[in-house]
Structure formats: C-alpha cells, structure tokens
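Coordinate inspection notes
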Amino acid sequence: MHIFRDATLEDLNELLKIEEESFDGDRLSATNFKYAITKSHGALKLILVNKVIAGYVLILFHRGTSLGRIYSIAISRNFQGQGLAKRLMLLAEKVGQEHSCSYLRLEVKRTNKGAISLYEKLGYKEFKIKQDYYEDHQDALCYEKRIRKAPAKAKRNIAYYQQTTDFTCGPSALMMALKFLRPKVKLNQELELDLWREATTIYMASGHGGCGPHGIALAAARRGLKTEIYINRKSSLFTDSVRDKKKKEVIELVQRNFEKKLKEISVKTHFKNYGIAKIREIIEGGGLALVLISAYRLTETKVPHWIVITNIDDDFVYFNDSDLKDNQDKVDNINIPVGINEFEKMAKYGSGQLKCVISLFS
Ligand SMILES: CC(C)(COP(=O)(O)OP(=O)(O)OC[C@H]1O[C@@H](n2cnc3c(N)ncnc32)[C@H](O)[C@@H]1OP(=O)(O)O)[C@@H](O)C(=O)NCCC(=O)NCCS
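Residues numbered from 1 in each chain as written. Predicted model: local features only at pLDDT ≥ 70, side-chain atom pairs only at ≥ 80, totals over all residues. Heavy atoms only, no water.

Our next topic: the sheet that holds strand β12 (residues 316-320). Here 7 strands make up an open sheet; going across it, the order is β9-β8-β14-β10-β11-β12-β13 and the pairing mixed. What marks the edges here is a single partner per strand, and that holds for β9 (268-271) and β13 (336-339). On average, each strand axis in the sheet is tilted by 30° relative to the strand beside it, whichever way the strands run. Judged from the 4 bridges that link them, strand β11 (residues 304-312) and β12 form a sheet pairing that is antiparallel. When the bridges of β12 are listed, Ile309 appears paired with Phe319. Along the sheet, helix α7 (residues 213-222) contacts β8 (226-231), β10 (288-294), β11 and β14 (356-361); its crossing angle with β8, the most-contacted strand, is approximately 170°. Each of β8, β10, β11, β12 and β14 is contacted by helix α9 (residues 276-284), which is oriented at about 55° to β11, the strand it contacts most. (Pairing = 2+ DSSP bridges. Helix = DSSP H or I, 4+ residues; strand = E, 2+ residues; numbered from the N terminus. Axes fitted to C-alpha atoms, helices over the stretch in contact; angles between N-to-C directions. Contact = heavy atoms within 4.5 Å.)

Listed below in structure tokens is the structure:
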C-alpha cells in the first residue's frame, strides 16, 4: 500500500540517505533539498510504502513557459522493481498539468539503462544531448514528453546561438534565423557584433543601446533575406523611458535614418496591431519570425527582448531564446513552448504595449 505526500524539512535525513545510495556523484545536498522544499518554483513529492519513505521525485517549473523539468528521481534500493518510480513519474505528470505545464523534460546518463527504460516506456522521447554534463564528464541524454493535448507538428531544427553581451539579443535572434535560411552563414561573435553595430539604437534608458525592428530588418535585408516589419505604432520606439533629451534625439534620428534606408531598398513596414495569426502565417509559409517580447514573464526584468519563433501549433508558440542564464544549458532555451494566450501577453513591451514582428524569408 503506497501513498504520496509533499516532502517537509523533517524528511531531510531520509532523503539524503536515498540520495547517497542512489547516485555516485551529482547528488542533491541538504541545502538543495531545503531549497526545493521551502523556496523553489517546483514540487518535491515522496512515495511511502507502509509509512516508510521509498523514493522521491523533484519537479521544477520554468517561469513564464509551459515547461516543467524532472530534476531528479530516486527509489530506495529495497523498494526498486515494484513499479514505484513509474507511479512517481505519473504523479509528476499530474503535478505538471496542475501547474499548466504541457511538456516535461529531463536529463539522464547514457549508461543509466534502467532509468532510460523507465522514461521510454512512459513515452519520453530523446531530443538532444548535453555534452560533458555530469561530474564524471558523461553526456546527458535529454528527454521530453508532451503531457497535455495533441502532439505538436514536426519541429523545425533552428540552430541555437547564445548572445555574448546583455544588449545583443536582437542580433542573436537574427543569427539563428539567418543560419536556417542561409545555412552557409557562420555563427560567431564577430557576426553578432557586426550586426549590433549595424542595427543598434545607440542609446537605451541605461547601458548600451539594444536593437529595434528597423535596424534588425535592415541588417537582414542587406544579407539577402526577404524582410518585412509589422509594428503597432508609428511614433519613435524605445524613447518612453529615456529621460535625457539628447539621448532621445539620437534614438529618434537613428530610427528615421533606418526608415529612410529601408524605404530605399523597398523593405515594407506595416503599421497594424498584428497578433498570433500573422506569426502563424509566416511560420506556416516557411519563414521565420523575430518577435519583440517583454522579458518580464521569463525573468521578471522589464526589458525588451528579441526571440526567434521556431514553430507554432494549435496550442503553443515555440521559440529559441539566446539569453542563457548561469544555471542553464542551451538545450533549456531551444523550442521553448508557451501557450498561445500566454504568448500574446508576452509579445508586447512597455506601458505603450509596443508590438513588433519581423518576418524573414529566404
Ligand atoms: C531508475 C529508478 C528510479 C527506477 O526505479 P524503480 O522503482 O525500480 O522502477 P519501476 O519499478 O517503477 O520500473 C518501471 C519501469 O522502468 C524500467 N526499469 C526500472 N529499473 C530498471 C532496471 N534496473 N533495468 C531495466 N529496466 C528498468 C522498466 O522498464 C520498468 O518497467 P517494467 O516494470 O515494465 O519492467 C531506480 O532504479 C533508481 O532510483 N535508480 C537510482 C537513481 C537514478 O538513476 N535516478 C534516475 C536519474 S535520471
């Protein structure tokens, strides 16, 4: 007879014992477990057999997206082979669904045949490898399962590029699109900085200037891509939060200059309140869409941020995000699913609700 319950701080010793006998390295520490129990954006669930803790599963939720991650699972040796891990995994799926997750992802060592068999029997599919991931330098196989609704259409494989500065999300999103549409292009920092110099607004409220839709579109068109801009306002962009009058003037001058150059090479700018239907049309037509979002829903920082849409289906928009945080691997930022309604809220910036989409075709 088994029951499930949430872990509490009183379970720490038992959890550490299971961890000790289950893993040779990469063990969760007391601090990790305490954090998981008290602070993390996730759930630490136990399975008990006759009141004895037989195992645990730790699930983490990815802020702002529909992704959940099975961070760890282990069953005490005395209780293995009785179907308990399978039960915990099914519970994790239920917990994920209750937290609006639509996909669960996890990592496993290539040599961990038991765990791989468990995941594959439950319908997890391998989708990537993280090189040199574990303390013993083994690679991690990354698995994913869609836990809600119908399966996605075949995903397009868009190369990943990690931005190397805080202000080059625009160039990095463009680079991922360029590689897909012009496979011979080499993705490196030189190109990233070249694109930024071509496309930057020069100033922002603080720090280096980022890139607006006009600069990015110009850089894309100059590299031979069929480019159009969809934007919901005609006035100057990114000047609302800039107090310094001279900075404002520079940003406005740069934008006007970009607009003039775009006109010279016949790149169209459509001023309309475009939404998901436009993005769907671009993706289904074989193109790529760069979309301006507010990073707030992902990282709780109110900054404008460019992403590249990799796919879209009835329920989700999928995107690659070039901004990798310290504890993330690039696999975590590839094909991130976000529910369509949630994405509509994410894809606007600032109090003026600025919306920008750049469509790119080869
Ligand atoms: C992997 C682990 C969680 C499995 O726990 P378990 O409770 O013994 O697994 P279950 O009894 O629920 O097994 C369910 C399925 O998993 C597979 N499986 C589990 N252990 C297996 C093993 N040692 N060899 C082959 N298949 C195995 C089987 O396909 C089984 O299906 P079946 O019952 O139809 O044969 C457990 O061995 C463990 O804690 N290992 C150490 C920690 C670990 O490796 N965690 C995973 C990190 S990615």
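By size, the foremost hydrophobic cluster in this structure holds 45 residues, and its most contacted members are Leu174, Ile216, Leu290, Trp306 and Leu360. At the level of elements, α5 (169-181), α6 (189-199), α7, β8, α8 (245-264), β10, β11 and β14 are the ones that each hand at least two residues to this core. With 8 residues, α5 is the largest single contributor of residues to this core. Filtering out sequence-adjacent residues up to four positions away, Trp306 remains in contact with Cys169, Gly170, Ala173, Cys211, Gly212, Pro213, Ile216, Leu290, Val291, Leu292, Cys356 and Ile358. (Core = buried A, V, L, I, M, F, W, Y, C linked by side-chain atoms within 4.5 Å. Buried < 20%, exposed > 50% of the residue type's maximum accessible area, 1.4 Å probe, protein only.)

As a further point, take the packing of aromatic side chains. The geometry of an aromatic ring pair comes down to the distance between the two centres and the angle between the two planes. Scanning the model with the defined rule gives 11 aromatic pairs in all. Between Phe238 and Tyr349, the ring centres sit 6.4 Å apart and the planes meet at 45°, which makes this aromatic pair tilted. Residue Phe238 is found in the loop between β8 and α8, and its partner Tyr349 is found in the loop between α11 (340-346) and β14; the two are separated by 111 residues along the sequence. Through a chain of ring-to-ring contacts, the aromatic side chains of Tyr103, Phe316 and Tyr318 assemble into a single cluster. In this arrangement the basic side chain of Lys302 is found over the ring face of Tyr296, its NZ or CZ atom lying 5.5 Å from the centre. (Phe/Tyr/Trp six-rings, centres within 6.5 Å; stacked < 30°, edge-to-face > 60°. Lys NZ or Arg CZ within 6 Å of the ring centre and 35° of its normal.)

We note that the domain assignment places domain 1 (2-146) and domain 2 (169-361) within the protein chain. Computed over C-alpha atoms only, the centres of domain 1 and domain 2 are separated by 36 Å. With 16 residues of domain 1 at the contact, the number on the domain 2 side is 19 residues. Both faces combined, the contact of domain 1 with domain 2 buries some 1,300 Å², and carbon together with sulfur accounts for 54% of it. There are 3 salt bridges connecting domain 1 and domain 2. Across the pair Asp332 and Lys130 runs a salt bridge whose closest N-O atoms are separated by 3.2 Å. For the interface between domain 1 and domain 2, the tally reads 10 residue pairs in polar contact (both at pLDDT 80 or more). Contributions of two or more residues to the side of domain 1 that touches domain 2 are made by β5 (103-109), β6 (125-130) and β7 (140-146). (Domains from an automatic or database assignment. Buried area = accessible area lost by both parts, 1.4 Å probe. Salt bridge = Lys/Arg side-chain N within 4 Å of Asp/Glu carboxyl O. Polar contact = N/O pair within 3.5 Å; in protein donor to acceptor, adjacent residues only side chain to side chain.)

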